[in-house]
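As a plain string of letters, each chain reads:
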Amino acid sequence: MLRPEVLPRARTAALPAGPTDVTEAWLRNRRLSEHTRDAYRRDVTGWLSWCAERGLDPLRATFLDVNAYGRELESTPRGRDGRPLTPATVARRLSALSSWYDFLAKLGAVTANPVSAADRPRVDRDHSATVGLTPEEVDALIAAAEADTGPTAARNRAAVALLADLGLRVGELVSLDLSDLGTERGHRSVRFVGKGGKVRRRALTPGTAYALDAYLAVRAEAQGVTVPELTGPLLVTATGGRMDRHAVFRLVRRLAQRAGIAAWAKLSPHSLRHAFATTARSEGVPLEDVQDAMGHADPRTTRRYDRDRHNLDRDPAYAIWAARARRRG
């Protein structure tokens, strides 16, 4: 059998109207958040670069080429830690690529989607590699934020409160604008575009609302305006630009280290999202309510975030036994 690297390569023009135009048309055709659009754009660009390095026309790629690409992603060290991408990340990249080829097939640019027949990594849907946090560790992280000092301390407290109390994705957090804050039926609320491009609204807890009000008051005073006169992104840098996801990652780890959390170097903003789901379920919040709050289309995804789902304290056998005992009363 021919190995993928020795298959004949077509060297014709790669894509009609150019790869950038096609990719942007594909992204406009999908209801996606800006964060997801950026991720998908990077996924397709990575594939096109890989094809260009090998003189491969992406319109003539086969599942063997996709397999070779996937194997390379799984085995090539990259990033600061020098580790290959996880199977889940590779699977996500290939999923984006599959959607891109489906779009090309609808345009008639390809006859078949080469990713459909490719061998994608097996991903354990019942497990997440994200390092979680206990409720006590979340409390310690919040306490570290409250003790923070400096010109961005109020902003940092607001960011951590939104992550901890609402379980927002980091992309959702940094995309928030001041105009997204509002009220609904007596609740302070925040509106944002979630995964899949769906506009969602969440309630602000009293603690989160207080942290936001304090931050906006400090920001308004620094700018010499009133709070209602503030405009632009909700969370900004010291120079007034939008806070980015990398800054949030650094913030979470810095505060976690200060809080004495042993796994601080492995934490991410997503760790707080996992903690949100686990704590909500342990406090008796119904699965469907947690699912809605987190914006999951499938309840199995929500269950995967719940780190305590296998805790024997929650074994339904106890509830059945207790009910029987009451009947025998």
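About the criteria used
Residues numbered from 1 in each chain as written. Predicted model: local features only at pLDDT ≥ 70, side-chain atom pairs only at ≥ 80, totals over all residues. Heavy atoms only, no water. Phe/Tyr/Trp six-rings, centres within 6.5 Å; stacked < 30°, edge-to-face > 60°. Helix = DSSP H or I, 4+ residues; strand = E, 2+ residues; numbered from the N terminus. Axes fitted to C-alpha atoms, helices over the stretch in contact; angles between N-to-C directions. Parallel < 35°, antiparallel > 145°, perpendicular 65-115°, else oblique. Contact = heavy atoms within 4.5 Å. Nonpolar A, V, L, I, M, F, W, Y, C, P; charged D, E, K, R; others polar. Buried < 20%, exposed > 50% of the residue type's maximum accessible area, 1.4 Å probe, protein only. Pairing = 2+ DSSP bridges. pLDDT = per-residue confidence, 0-100. Salt bridge = Lys/Arg side-chain N within 4 Å of Asp/Glu carboxyl O. Core = buried A, V, L, I, M, F, W, Y, C linked by side-chain atoms within 4.5 Å. Expected span 1.5 Å × (residues − 1). Left-handed = near helix turned anticlockwise from the far one by under 90°.

This part covers the packing of aromatic side chains. Using the criterion set out here, one finds 6 aromatic pairs in the structure. Ring geometry for Trp-47 against Trp-50: centres 5.5 Å apart, planes inclined by 15°, an arrangement best described as stacked. Highlighted residues: Trp-47 and Trp-50, both in helix α2 (residues 34-53), separated by 3 residues, approximately one helical turn.

Moving on: the packing of α2 against helix α4 (residues 87-107). Close contact between α2 and α4 brings their axes to 9 Å; oriented N to C, the two are set at 85°. As the angle between them shows, α2 and α4 are arranged roughly perpendicular. Residues Ala-39, Tyr-40, Asp-43, Val-44, Trp-47 and Leu-48 of α2 pack against Arg-92, Arg-93, Ala-96, Leu-97, Trp-100 and Tyr-101 of α4. Of the residues contributing to the contact of α2 with α4, the split by class is 9 nonpolar, no polar and 3 charged.

Our focus in this paragraph is the side chain of Asp-43. Considering the arrangement of structural elements, one finds Asp-43 in helix α2. Here Asp-43 falls in the buried class, since its relative accessible area comes to 6%. Leaving out residues up to four positions away in the same chain, Asp-43 has contacts with Tyr-69, Arg-92, Arg-93 and Ala-96.

Burial along strand β3 (residues 199-203) is one-sided: the face carrying Arg-200 and Arg-202 is buried and the face carrying Val-199, Arg-201 and Ala-203 is not. Inspection of the sheet shows strand β2 (residues 187-193) paired to β3 by 5 bridges, in the antiparallel sense. Paired with Ser-189 across the strands is Ala-203, a residue of β3.

This part takes up the confidence of the model for the protein chain. With 85% of its residues at a pLDDT of 70 or more, the protein chain has an overall mean of 84. The low-confidence segment residues 1-14 (pLDDT under 50) makes 24 contacts with residues lying over four places distant or belonging to another chain.

So, on to the pattern of salt bridges. Pairing between side chains of opposite charge can happen when the charged atoms of each approach one another. For the structure on display, the rule yields 15 salt bridges. Note that Asp-38 and Arg-41 form a salt bridge whose closest N and O atoms lie 2.8 Å from each other. With Asp-38 and Arg-41 both in helix α2 and 3 residues apart, this pair spans about one turn of that helix. Since its relative accessible area comes to 32%, Asp-38 is described here as partly exposed. The partly exposed category is assigned to Arg-41, whose relative accessible area is 25%.

Ranked by internal contacts, the top residues of the largest apolar core, which has 42 residues, are Leu-133, Leu-162, Leu-173, Leu-176, Leu-234, Val-248 and Leu-272. Mapped by element, the contributors of at least two residues to this core are α5 (135-146), α6 (153-166), α7 (170-174), β2, α8 (206-223), α9 (245-258) and α10 (269-282). Looking at this core element by element, the count peaks at 8 residues for α6. With 27 residues, the next largest nonpolar core counts Leu-27, Tyr-40, Val-44 and Trp-50 among its residues.

Moving on: α4. For α4, which comprises 21 residues, the first-to-last C-alpha distance of 30 Å matches the rise-based estimate of 30 Å (1.5 Å per residue) to within 8%. Buried residues along α4 sit against α1 (19-28), α2 and α3 (63-75). Following α4 by one or two positions, Gly-108 has its phi on the positive side, about 85°.

Relative to each other, α5 and α6 sit at 160°, their axes nearing to 9 Å. Viewed along their axes, α5 and α6 adopt a mutual orientation that is roughly antiparallel. In this structure, α5 meets α6 at a crossing whose hand is left-handed. Seen from α5, the contacting residues are Val-138, Ile-142, Ala-145 and Glu-146; seen from α6, they are Arg-157, Val-160 and Ala-164. In terms of residue class, the contact of α5 with α6 is built from 5 nonpolar, no polar and 2 charged.

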